[in-house]
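Chain residues, written in single-letter form:
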Amino acid sequence: MLTLALLGTVATPLASAQTTVEFWHSFGDAKRSGWIQARADEYNKSQNAVKVMPSYKGSYNDSLQATILAARQGKAPALVQVFEVGSQLALDSGAFQPVSSVRNVDFGDYIKPVINYYTIGGKVNSLPFNSSSPVLYFNQDLMKKAGLNPKQPPTTFGGLLSACQKIEAAKLNAKCFGMSLNGWFIEQWMAQQGAPLLNNANGRQGRATATNLDSRAAKNIFTFFKTMQDRGYYTYTGKLQDWDGSDAIFTNQKAVFHITSTADIGNIRDAAKKAGFGVGVGVLPIADGTKRNGVVIGGASLWISKGVSKAQAEGALDFALYMTNTQNMADWHKLTGYYPVRQSSIELLRKQGWFTQTPLQLVAFNQLTRTVPGAATAGGLNGAAIQTRKIMEEGVQKVLAGQNVDAALKETKTRADAALAEYNANFK
Amino acid sequence: MLSPARSRPAPDDAGSAVFRGRALPWAFLLPSLLILAVFIYLPALQTLRLAAYRANVILGTEQFVGLANFAELLSSPAYRQVALQTLVFTVLTVTFGLLLSLGLAWLARRPVRGASTYRLLLIYPYALSPAIAGTLWLFLFNPEIGLVNQLLGELFGVRPRWLDTPALAFGLVTLAAIWKGLAYNIVFYLASIQNLPRDVMEAAEIDGATPAQVFWRVAFPLLSPITFFLVFTNIIAALFDSFALTDILTRGGPYTGNAGVTTFLVYQLYQDGFVNFRTGAAAAQAVMMLALVAFVTWMQFRVGERRVHYGS
């Protein structure tokens, strides 16, 4: 009995000396989850105070839900990867604390549009991690066949349409344009036109209560789809948010132009090489006659739970900062195509000659770093964002099926606003 | 499956098979009851309670709204469209699924060369998970690069848009569900057909019945117990197992009228409960589906008593 008690007293200080930090993420693939595990191993070896244990917890949706349920039982993981569209929901859940309140951190090195997205109410709420934005991909070989110059890809809707005319005339046995139908792009095109998607400064000055889908900017976007469809230039698999399906159409050379996330640059480049065509990357084409305001960041960020000890919260932040340091973010970018979220990482990559080796990436960077800061490009915050995103996709789908733009926009706005109202009713 | 339990030799001491007292049987039942209570009864009661609230599982908010969730569902054009779609889908998959599998099982019963290979090929889709089946179909029916449209394009110069033409998408999901359920039904039909009483069949043939008459007048009625069993398992499968297939193949789309044309009750419930986190609304839908299943079960017993012949 006595020995047991003695053992206990000896063992306890040892065990409590090390703080464990659970890190739940949503990367199921070996490439990315392996990278995270490797960073955790390095970090754990570098010191003895904190032990980080990363684990894959399913999709962003599943992992958010699992975190909340764990938090209710007082077993929250200290560090969680939350997708950008779930930001308001995660904030409202009350299960997390702003990273800037854990410890003073200098966020000056983070790329502006990235840190702006995750700054809510003046506080940096979560630490940027995997970040991306949409760009135009084009098949250089098919463009040449149609008499187009791959050095000058279209940068506006009008430019894309006239390129499509040439492609149609060239009878290439390929459609002109083949992006997947995803509300994310609609959000991006609103930001590009400097138009907030939601009222109350994109839901950043107060809870968003209405969408801005009756605006000129929204009409430009829906009309673009209508024109593309009416002229037979556009194709997609028919399923909403079918990223893979549209990538496959592009890499099988059945579409000359494609729009998708910068995170796919690596995969598409490899697939194009295999299929034997040259791929180019250009800025996201925007509505004619509008100023280019830039893009909203997509992807996910790292959140720190509220219900954990101070040591755990600090350990979580410390690891998160290590994982997203200059060198690691440059590595992460090379591996995945996600933006490195720090200016210093971009500098490092430039010094290493990365942009001359892979000029495709440069366009994506410039598009992001030249983004004009403001409410529109900070991105919309709304707790029903998963739902409103799908509602916008369904609105476009109706336009593609022949409904007129005004009627489709009206219906979409009514449905999206109802979703906002229903979400907001949770707080009455 | 539905054959009566094998008769056992009578126990030596009839008294030993009966528990003495009341406590002992309950004690033996207790472990099962506990597990059922934790995993089935309590969650079911929770769902019933949540259906009366506006709730969001992420926010942890709950506001009592009484029957408002149900009123909203019943008056919502979207939910009514989803319910109607589910009905049509269920009727189509059950009817055609059973007719087709009965026909195939009838053919596969014959002692032709390579019969076991045919049977194996008929049964293998059952081993595919719905997720893999859905992905296969998605590849096949990609409008630009799918095998089906490549063939149709070469042969007839048409390339239908399978996944966003409402009628085609609905037909495709129905067809995929029928195909996916075929194997399960064939296994049961094959087993039953092979167990049909030979003397009755032979008697019919000797009396000069045509093959069609043998099938419809003799075999079909004799198969009614298994058909009856399959009708109800297929209804339940159409209501619940359609989920993975629609999620992967169409994501419930394309959006037509007030809802996605391949959004069925269970998919709507999933969307509201686990994607949009409208927990109260999803609980109300779960209660409605529970009522539906209760009704189907009640029908099963009612019809079963009247129409099905289990033999002597």
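Since this is a predicted model, take the numbers as computed values, not measurements.

Draft legend 1. Spatial organisation of the overall build of chain A. Each helix and strand in chain A was counted, giving 21 helices and 12 strands. For a compact globule of 428 residues, the expected C-alpha radius of gyration is about 22 Å, and chain A comes in at 23 Å, within 12% of that figure. Seen through its principal axes, chain A has C-alpha atoms that stretch 90 × 55 × 35 Å. Summarising the internal contacts of chain A: among those between residues at least 6 apart in sequence, 78% fall at separations of at least 24. On chain A, the mean spot of the 44 positive side-chain charges and the mean spot of the 30 negative ones are 3 Å from each other.

Draft legend 2. View of the overall build of chain B. For chain B, the helix and strand inventory stands at 13 helices and 4 strands. Once the C-alpha set of chain B is aligned to its principal axes, its extents read approximately 75 × 70 × 30 Å. Within chain B, the fraction of its 312 residues that count as buried is 41%. Long-range pairs, those at least 24 residues apart, make up 67% of the contacts in chain B between residues at least 6 apart in sequence. Looking at chain B as shown, the accessible area adds up to about 18100 Å², and 68% of this sits on carbon and sulfur atoms.

Draft legend 3. Inspection of the pattern of salt bridges at higher detail. Residues and elements named next belong to chain A. For the structure on display, the rule yields 20 salt bridges over all chains. Of the charged contacts, one joins Asp 230 and Lys 226 as a salt bridge, the two residues approaching to 4.0 Å between their closest N and O atoms. Taken together, the residues Asp 230 and Lys 226, both in helix α11 (residues 216-230) and 4 residues apart, mark about one turn of the helix. The exposed category is assigned to Asp 230, whose relative accessible area is 55%. The exposure class assigned to Lys 226 is buried, which follows from its relative accessible area of 18%.

Draft legend 4. Spotlight on helix α15 (residues 326-336) of chain A. Residues of α15(A) that are buried include every one of Asn328(A), Met329(A), Ala330(A), Trp332(A), His333(A) and Thr336(A), and no others. Buried residues along α15(A) sit in contact with α2 (30-46), β7 (127-132), α14 (310-323), α16 (343-351), α17 (354-357) and α18 (360-369) of chain A.

Draft legend 5. Broad picture of the sheet that holds strand β9 (residues 175-177) of chain A. Residue and element names in this part refer to chain A. Pairing in this open sheet of 4 strands is mixed, and the strands run β9-β10-β8-β11 from one edge to the other. Each end of this open sheet is capped by a strand with a single partner; those strands are β9 and β11 (279-282). Direction aside, neighbouring strands of the sheet carry axes that sit 30° apart on average. Sheet analysis places β9 next to strand β10 (residues 255-261), joined by 2 bridges and oriented parallel. What sits directly across from Lys 175, in β10, is Ala 255.

Draft legend 6. Highlighting the domain arrangement of chain A. Residue and element names in this part refer to chain A. When cut into domains, chain A gives domain 1 (11-131 + 298-352) and domain 2 (134-294 + 373-427). Once you take the C-alpha centre of each, domain 1 and domain 2 turn out to be 29 Å apart. Contacts between the two partners involve 18 residues from domain 1, matched on the other side by 19 residues from domain 2. Together, the buried faces of domain 1 and domain 2 total about 1500 Å²; carbon and sulfur atoms form 53% of this surface. On the domain 1 side of the interface with domain 2, the three residues burying the most area are Val 85, Gln 88 and Tyr 117, jointly 32% of the side's total. Summed over the shared surface of domain 1 and domain 2, the result is 2 salt bridges. Across the salt bridge formed by Asp 92 and Arg 207, the nearest N and O atoms sit 2.9 Å from each other. At the boundary of domain 1 and domain 2, one finds 6 residue pairs in polar contact (both at pLDDT 80 or more). Listed by contribution, the elements that provide at least two residues to the side of domain 1 that touches domain 2 are α4 (87-93), α6 (112-117) and β5 (119-120). With 4 residues, α4 is the largest single contributor of residues to the side of domain 1 that touches domain 2. Across the side of domain 1 that touches domain 2, the residue classes break down as 7 nonpolar, 8 polar and 3 charged.

Draft legend 7. Examining a nonpolar patch on the surface more closely. Residue and element names in this part refer to chain B. A surface patch of nonpolar side chains, about 610 Å² in accessible area, is lined by Ile 35, Leu 36, Val 38, Phe 39, Ile 40 and Tyr 41. For Ile 40, the location among the structural elements is in helix α1 (residues 23-50). Among the residues examined, Ile 40 registers a relative accessible area of 46% and is labelled partly exposed.

Draft legend 8. Fine view of the nonpolar core. Among the nonpolar cores identified, the biggest contains 141 residues, and Phe177(A), Trp189(A) and Phe257(A) are the most heavily contacted of them. Inspection of this core shows a minimum of three residues originating in each of domain 1 (11-131 + 298-352) and domain 2 (134-294 + 373-427) of chain A. With 46 residues, the next largest nonpolar core counts Tyr79(B), Ala105(B), Ile178(B) and Ala204(B) among its residues.

Draft legend 9. Structural context of the packing of aromatic side chains. Applying the stated criterion across every chain, the model contains 49 aromatic pairs over all chains. We note Arg204(A) situated over the ring of Tyr117(A); from NZ or CZ to the ring centre the distance is 5.2 Å.

Draft legend 10. Examining the side chain of Asn149(B) more closely. Residue and element names in this part refer to chain B. Within the secondary structure, Asn 149 sits in helix α6 (residues 147-156). On the basis of relative accessibility, which here comes to 0%, the residue Asn 149 falls in the buried class. Not counting the four nearest positions on each side in its chain, Asn 149 is found in contact with Leu 140, Asn 142, Pro 143, Val 158, Arg 159, Pro 160 and Trp 162.

Draft legend 11. Quick look at the confidence of the model for chain B. Residue and element names in this part refer to chain B. Of all residues in chain B, 92% attain a pLDDT of 70 or more, and the chain-wide mean is 87. Looking at the elements of chain B, mean pLDDT is at its lowest for helix α4 (residues 115-123), recorded as 84, and at its highest for helix α3 (residues 77-108), recorded as 94. Predicted confidence for residues 1-11 stays below pLDDT 50, and this span has 6 contacts to residues more than four positions away or in other chains.

Draft legend 12. Spotlight on the environment of Tyr41(B). Along the chain, Tyr41(B) falls in helix α1. Owing to a relative accessible area of 43%, Tyr41(B) belongs among the partly exposed residues under this scheme.

Draft legend 13. Geometry of the packing of α3(B) against helix α7 (residues 166-194) of chain B. Residues and elements named next belong to chain B. The N-to-C vectors of α3 and α7 enclose an angle of 40°; their axes lie 7 Å apart at closest approach. Classified by the interaxial angle, the pair formed by α3 and α7 is oblique. When the axes of α3 and α7 are compared, the crossing they make is right-handed. Among the residues forming the contact of α3 with α7, the class breakdown is 20 nonpolar, 6 polar and no charged.

Draft legend 14. Up close: the environment of Tyr124(B). Note on placement: Tyr124(B) falls in the loop between α4 and α5 (130-140). Each C-alpha atom of the pair Tyr124(B) and Lys180(B) lies 9.7 Å from the other, and the pair is 56 residues apart in sequence.

Draft legend 15. Representation of the UniProt feature "transmembrane region" (unreviewed entry) in chain B within the structure. Residues and elements named next belong to chain B. UniProt tags residues 23-44, 51-71, 83-108, 120-140, 167-193, 214-240 and 282-301 as "transmembrane region" (unreviewed entry). Taken end to end, residues 83-108 comprises 100% helix and 0% strand; its first and last C-alpha atoms sit 36 Å apart. Secondary structure content for residues 120-140 is 71% helix and 0% strand, and the end C-alpha separation is 23 Å.

Draft legend 16. Inspection of the state of the cysteines at higher detail. Residue and element names in this part refer to chain A. What the rule picks out here adds up to 1 disulfide over all chains. The disulfide that involves Cys 164 links it to Cys 176, with 2.0 Å between the sulfurs. The disulfide joining Cys 164 to Cys 176 has a torsion of about -75° about its S-S bond and is therefore left-handed. Taken together, the residues span a long stretch of sequence, with Cys 164 in helix α8 (residues 157-169) and Cys 176 in strand β9 at a distance of 12 residues. On the accessibility criterion, Cys 176 (3% relative accessible area) is buried.

Draft legend 17. Local environment of the pairing of strand β12 (residues 298-305) of chain A. Residues and elements named next belong to chain A. The buried fraction of β12 is high, at 8 of 8 residues. Judged from the 5 bridges that link them, strand β3 (residues 79-83) and β12 form a sheet pairing that is antiparallel. Bridge pairing in β12 places Val 82 opposite Ser 301. Judged from the 4 bridges that link them, β7 and β12 form a sheet pairing that is antiparallel. Note that in β12 the partner of Leu 127 across the bridge is Leu 302.

About the cut-offs
Residues numbered from 1 in each chain as written. Chains lettered and ligands numbered in written order. Predicted model: local features only at pLDDT ≥ 70, side-chain atom pairs only at ≥ 80, totals over all residues. Heavy atoms only, no water. Helix = DSSP H or I, 4+ residues; strand = E, 2+ residues; numbered from the N terminus. Rg over C-alpha atoms; globule rule 2.2 N^0.38 Å. Contact = heavy atoms within 4.5 Å. Lys, Arg positive; Asp, Glu negative; His and termini not counted. Charge placed at Lys NZ, Arg CZ, Asp CG, Glu CD. Buried < 20%, exposed > 50% of the residue type's maximum accessible area, 1.4 Å probe, protein only. Areas by Shrake-Rupley, 256 points an atom, 1.4 Å probe, with all protein chains shown as cover. Salt bridge = Lys/Arg side-chain N within 4 Å of Asp/Glu carboxyl O. Pairing = 2+ DSSP bridges. Axes fitted to C-alpha atoms, helices over the stretch in contact; angles between N-to-C directions. Domains from an automatic or database assignment. Buried area = accessible area lost by both parts, 1.4 Å probe. Polar contact = N/O pair within 3.5 Å; in protein donor to acceptor, adjacent residues only side chain to side chain. Nonpolar A, V, L, I, M, F, W, Y, C, P; charged D, E, K, R; others polar. Patch = residues over 30% accessible without salt bridge, like charges linked within 9 Å, V, L, I, M, F, W, Y side chains within 5 Å. Core = buried A, V, L, I, M, F, W, Y, C linked by side-chain atoms within 4.5 Å. Phe/Tyr/Trp six-rings, centres within 6.5 Å; stacked < 30°, edge-to-face > 60°. Lys NZ or Arg CZ within 6 Å of the ring centre and 35° of its normal. pLDDT = per-residue confidence, 0-100. Parallel < 35°, antiparallel > 145°, perpendicular 65-115°, else oblique. Left-handed = near helix turned anticlockwise from the far one by under 90°. UniProt positions renumbered as here; feature names shortened; annotations may be inferred. Disulfide = S-S within 2.5 Å.

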